[in-house]
Amino acid sequence: MLNGREDPFQSVITPKREEHKPPTLHQDPLSSVEFVLPSTARVLKSVQISYQNLDGSIETKIIQLDESIDWHYPLMIAQKAQGATYSSENRFKLGEFELIINKSSIFIATRKKMLRDFVLPEPYRLVLDIEGVKSNEAQKIKLDKKYFSDAEISTHDGFYRISIGFDGRYKHTIKPQRDGFVITLE
């Protein structure tokens, strides 16, 4: 007796019904963490914080305190923006391009093709070369946004060069869109 499938070309593996989505590494920034010390605690000597850098390396920072505490009240670690003042405008004109900032993303409106991109470390910024020069452009604007400090445009032989300054070091992704491209920072 022989066993066989009715349709020998039908796959033996059952296809998944939903799309595979890799887990995301993006997390919301820390707001606060509370913890309680034992009733015997009287002096907070130091605080040690371990953190992971962009490159994946782990570092530790120790803060010496030597401060009296009341163990009845919980201790709190919080992350707050202090002294940071950013402009409320999210749309900027840079030469013939429009920049639109939304949280940790910046959209550059253009129908032109990006030729290349690279990062310069001092000061930390992303440089984009975009095809086709209509006119000589040379402009620098202050963005004063969280993540984005400034933007500059210049012309070179046959292409525009846009430089976007960041307020720190970030990983970035660039996704082309029909009417421009989006740069998202992590």
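See the structure shown above.
Residues numbered from 1 in each chain as written. Predicted model: local features only at pLDDT ≥ 70, side-chain atom pairs only at ≥ 80, totals over all residues. Heavy atoms only, no water.

The next point concerns the nonpolar core. Residues Leu 99, Ile 108, Phe 148, Ile 164, Phe 166 and Ile 183 are the most contacted members of the largest nonpolar core, which totals 25 residues. Counting residues per element, the ones that place at least two in this core are strand E5 (91–94), strand E6 (97–102), strand E7 (105–109), strand E9 (125–131), strand E11 (148–156), strand E12 (159–166) and strand E14 (180–185). Counting residues per element, this core draws most heavily on E12, which supplies four residues. Non-local contacts of Phe 148, meaning those with residues more than four positions away in its chain, are made with Ile 101, Lys 103, Ser 104, Ser 105, Ile 106, Leu 143, Ile 164, Gly 165, Phe 166 and Leu 185. (Core = buried A, V, L, I, M, F, W, Y, C linked by side-chain atoms within 4.5 Å. Buried < 20%, exposed > 50% of the residue type's maximum accessible area, 1.4 Å probe, protein only. Helix = DSSP H or I, 4+ residues; strand = E, 2+ residues; numbered from the N terminus. Contact = heavy atoms within 4.5 Å.)

The next thing to look at is the sheet that holds E5. Taken in spatial order, the five strands line up as E5-E6-E7-E14-E13 in an open sheet, and their pairing is antiparallel. Single-partner strands in this sheet number two, and they are E5 and strand E13 (172–177). On average, adjacent strands in this sheet sit at an angle of 20 degrees to one another, irrespective of strand direction. (Pairing = 2+ DSSP bridges. Axes fitted to C-alpha atoms, helices over the stretch in contact; angles between N-to-C directions.)

This part takes up a nonpolar patch on the surface. On the surface, a nonpolar cluster with roughly 300 Å² of combined accessible area is contributed by Leu 30, Val 33, Phe 35 and Ile 77. Following the sequence through the fold, Val 33 ends up in strand E1 (residues 32–35). Assessed through its relative accessible area of 40%, Val 33 is described here as partly exposed. (Patch = residues over 30% accessible without salt bridge, like charges linked within 9 Å, V, L, I, M, F, W, Y side chains within 5 Å. Areas by Shrake-Rupley, 256 points an atom, 1.4 Å probe, with all protein chains shown as cover. Salt bridge = Lys/Arg side-chain N within 4 Å of Asp/Glu carboxyl O.)

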